[in-house]
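Secondary and tertiary structure notes
Below are the chains, spelled out letter by letter.
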Amino acid sequence: LHHRAMMFPVLILWALIYDVKTARILSYVPTPLFSHQSVFRPLLRELSLRGHQVTVLTTHPMNDVDLTNLTEINLSLASKIPRIPDVIKASRSNAIDGLAGFYLEMYEVMDQHLDYAPVKKLINDNVTGFDLVIAEYFYGIPMVFSKRFRCPAIAMLPMDAWNNHYKWTGSPTHPVLFPDALIATDRSPLLARLKSFISSFAINSKLLEASLEREQTLVSKHFGHYPPVRDIFQEISLLLVNVDTIFHPIRPITPNVIQIGSGFHRSSTVQHLPQDLQETLDGATDGFVYFSFGSTVRGESLPPETLQTFSDVFRELPYVVLWKFEGRLPNKPDNVIASKWFPQQAVLGHPNVKLFITQGGLQSRDEAIHARVPMLGIPFLGDQFYNVRRMANLGFGLELDHDGLRKDELKAAILEAIENPKYKETITRLAMLAEDQPMTGLEKAVWWTEYVIRHKGAKHLRGPQLSVPWYQYLLLDVLGVLAVTASLIALFIYVVVKSVIRLLKRQSVVKPKIE
């Protein structure tokens, strides 16, 4: 009896701490790129460990046997991988055109996902239900699952949101003050404003507006008669964005936008270098350079002349070079160690690393910032142009163009980033600012996710912009009333003045006759 009496307060305390009942959560991340999938993993893993039943539609399953509450449907068996070289080619002239081609391929990818037998079974299952949907916000299709299961939705992005995404949450937007994350702004203020305005219009017309009609066709095909995708976009409860206030521009956001940047995707498990690589890097007393274009841009897909330029420069450097390269590297210099994979976080965390040559992916950039490693950015597609330009503007790295890359400029940039201490000092200072936070990004994401579960949605956090007509938001009705009022006053003054002048003229003409 005494034992039971002692257990009762413990149970009460446990109930208070774990106030959220376990929920059934469905997640869908369509983009078949690891850099996109990896951002969702920590949140889904943590929710599973907290007792929630999580079902994930993913192209990159975790396959973790310890996550007994996690069910993964492997979409890599059902769809192709978009042709990244074609996207890169189109991005040479314009990043938006490159992504427009990527979006066209993604419609086919999502069509294949939804036609996959396990997914069709899930859509047509009238018994199984879900309490929450967590989905990638680049597309409307994932949000449709919240309509299908009549539950709230949390949208999430592996990068910063575009202005239309912010607008759909009710947050204020402006094409110049808050340019889209696809736009690498120029130094000239006037040119930057003009480019931001035109690019925002292009993003809206070529990517978002064009996608709505195509996605509506997929919705009708796989789900039946549903509301417009545009409306479903706006009905989310929260938007989780992979940004912070140090390495991304400041912008006004409504309470339903949660910034989870500063290392959200980084694994809490410490990575270790293979023994032979550990010994090699320990012996590189002059330092080493790490070169990787991430999981999207494969080294073997680069033009032969570009590969030769890198090889010629690396051969002349007094450093060991780790080169992530898929395939056989021709004419490999003696100081280069090539491999199709390196434990990147462990490599960047080694004390002898001097420089990270990167394509500018947000996750790779974040890992280098956390390790305080200066960077040389060579962007290829998507938000990489923006990320690298931002890096260069903040002063912790340099920027080069991969198209027509010259040996002399590449070597000069590498030596400048390594030998000039300002890049190391800047990244160290900014990293300390970014990490000085009351909560980690994962802690914020988990808390707000369970907030939505507790309250069965969070539409009360949306900004008023969503319910205000566009002409009221732009104050056109107010300006119209003021203009009419001012016009009437001006007209009244004009009539009065004209009447007075006419009266004075009449009096001056009709003068009394003097005898």
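Residues numbered from 1 in each chain as written. Predicted model: local features only at pLDDT ≥ 70, side-chain atom pairs only at ≥ 80, totals over all residues. Heavy atoms only, no water.

Examining the side chain of K324
Let me state the cut-off plainly: Every helix listed is a DSSP run of H or I at least four residues long, and every strand listed is a run of E at least two residues long, numbered separately from the N terminus. Remark: exposure states derive from per-residue accessible area (1.4 Å probe, protein chains only) relative to the maximum for the residue type, with buried under 20%, exposed over 50%, and partly exposed in between. For this analysis, a polar contact is any N or O atom pair within 3.5 Å, provided that within protein one partner can donate a hydrogen and the other can accept it, and provided that sequence-adjacent residues contribute only side-chain to side-chain pairs.
Within the element layout of this structure, K324 appears in strand β9 (residues 320-324). Overall, the relative accessible area of 13% leaves K324 in the buried class. A polar atom in the side chain of K324 sits 2.5 Å from the side chain of E326.

Regarding the pattern of salt bridges
Worth spelling out the cut-off: Basic side-chain nitrogens of Lys or Arg form a salt bridge, by our definition, when they fall within 4 Å of a carboxyl oxygen of Asp or Glu.
For the structure on display, the rule yields 13 salt bridges. The shortest N-O distance in the salt bridge between E316 and K407 comes to 2.5 Å. Residue E316 is located in the loop between α11 (304-315) and β9, and its partner K407 is located in helix α15 (residues 407-419); the two are separated by 91 residues in the primary sequence. Judged by relative accessible area, E316 falls into the partly exposed class, the value being 39%. The class for K407 is partly exposed, based on a relative accessible area of 36%.

Topic: α15
Keep this limit in mind: The length a helix should cover is 1.5 Å for every residue beyond the first. The directions considered for the arc are those from the helix axis to the C-beta atoms. Contact definition: two residues touch when any of their heavy atoms are within 4.5 Å.
With 13 residues, α15 extends 18 Å from end C-alpha to end C-alpha; this agrees with the ideal 18 Å at 1.5 Å per step. For α15, the set of buried residues is L410, A413, I414, A417 and I418. Viewed along the axis of α15, the buried residues span an arc of 125 degrees, placing them on a single side of the element. Elements that come into contact with the buried residues of α15 comprise β8 (288-292), α11, β11 (353-358), β12 (375-377), β13 (397-399) and α16 (421-435).

Focus: the environment of F342
Residue placement: F342 occurs in the loop between β10 (336-339) and α12 (344-348). Along the sequence, F342 and Y290 sit 52 residues apart, while their C-alpha atoms lie 9.6 Å from each other.

Describing the pairing of strand β2 (residues 53-58)
Cut-off, in case you're wondering: For the handedness criterion, the strands are oriented away from the viewer, and a crossover whose path from the first strand over the helix to the second runs clockwise is classed as right-handed. A pair of strands is treated as paired once DSSP finds two or more bridges between them.
β2 sits mainly inside the fold: five of its six residues count as buried. In the classification by handedness, the crossover that spans strand β1 (residues 24-28), the intervening helix α2 (residues 34-49) and the parallel β2 is right-handed. For β2 and strand β3 (residues 70-74), the ladder comprises five bridges, and the chain directions are parallel. Residue V56 lies in a different strand from β3, and its bridge partner there is E72.

A short note on the nonpolar core
Rules: Here, nonpolar core means buried Ala, Val, Leu, Ile, Met, Phe, Trp, Tyr and Cys residues that are tied together by side-chain atoms lying within 4.5 Å of each other.
Membership of the largest hydrophobic core comes to 57 residues, with the highest contact counts inside it found for L57, Y137, F145, W162 and L239. Of all the elements, helix α4 (residues 95-115) adds the most residues to this core, at nine residues. Discounting chain neighbours no more than four positions away, the residues touching L57 are L26, S27, Y28, V29, I73, L75, V119, L122 and F145. Listed in part, the 31 residues of the second largest apolar core include F325, L381, L398 and L410.

Remarks on unusual backbone geometry
For N63, which is not glycine, the phi torsion reads 55 degrees and is therefore positive. Of note, N63 is situated in the loop between β2 and β3. The exposure class of N63 is exposed, given its relative accessible area of 62%. Non-glycine residue N331 carries a positive phi angle of around 55 degrees. Checked against the element boundaries, N331 lands in the loop between β9 and β10.

Remarks on the packing of α11 against α15
For the record, the criterion: Angles here are taken between N-to-C directions and fall from 0 to 180 degrees, while the axes themselves are lines fitted to C-alpha atoms, restricted in helices to the stretch in contact. The labels follow the angle: roughly parallel below 35 degrees, roughly antiparallel above 145, roughly perpendicular from 65 to 115, and oblique for the rest. Note: crossing handedness is left-handed where the near helix turns anticlockwise from the far helix by less than a right angle, and right-handed where it turns clockwise. Each residue gets one of three labels, nonpolar for Ala, Val, Leu, Ile, Met, Phe, Trp, Tyr, Cys and Pro, charged for Asp, Glu, Lys and Arg, and polar for the others, Gly among them.
One can describe the packing of α11 onto α15 by two numbers: an axis separation of 9 Å at closest approach and a directional angle of 50 degrees. One finds that α11 runs oblique with respect to α15. Once α11 is placed against α15, the crossing between them reads as right-handed. Residues T309, F310, D312, V313 and F314 of α11 form the contact with α15, whose own contacting residues are K407, L410, K411 and I414. By residue class, the composition of the contact of α11 with α15 is five nonpolar, one polar and three charged.

Some thoughts on the environment of E316
E316 sits 19 residues away from N335 along the chain, and the two C-alpha atoms are 9.2 Å apart. In this structure E316 touches K407 and K411, once residues within four positions along its chain are discounted. Side-chain polar atoms of E316 contact the side chain of K407, separated by 2.5 Å. Within the structure, the side chain of E316 is placed 2.9 Å from the side chain of K411, a separation counted as a polar contact.

Observations concerning the sheet that holds β11
Strand order in the open sheet formed by six strands is β10-β9-β8-β11-β12-β13, with parallel pairing between adjacent strands. Both outer strands of the open sheet, β10 and β13, are each paired with one neighbouring strand and no more. Between one strand and the next, the sheet's axes are offset by a mean angle of 15 degrees, whatever the strand orientation. Against the sheet, α11 contacts β8, β9, β10 and β11, and its axis sits at roughly 160 degrees relative to β9.

Some words on the packing of aromatic side chains
Any pair of aromatic rings gets described here by the distance separating the centres and the angle formed by the planes. Counted only if it meets this: Aromatic pairs are defined between Phe, Tyr and Trp rings, using the six-membered ring for Trp, whenever the two ring centres lie within 6.5 Å; interplanar angles under 30 degrees are classed as stacked, those over 60 as edge-to-face, and all others as tilted. Any Lys NZ or Arg CZ found within 6 Å of a ring centre and within 35 degrees of that ring's normal is scored as a charge over the ring.
By the definition in use, this model includes 29 aromatic pairs. With a centroid separation of 6.3 Å and 65 degrees between ring planes, the pair formed by F138 and Y139 is classed as edge-to-face. The exposure classification of F138 matches that of Y139, with both residues buried. Seen from their ring centres, F291 and W323 are 5.1 Å apart, and the 40 degrees between their planes marks the pair as tilted. Within this pair, whereas F291 is found in strand β8, its partner W323 is found in strand β9, the two being separated by 32 residues in sequence. Here F291 matches W323 in class, with each residue buried. What links up through ring pairs into an aromatic cluster is the set F291, F293, F310, F314, W323, F325 and F380. Lying over the aromatic face of F149, R148 brings its terminal NZ or CZ to 4.7 Å of the ring centre. In this structure, R454 packs its charged tip against the face of W447, placed 5.3 Å from the ring centre.

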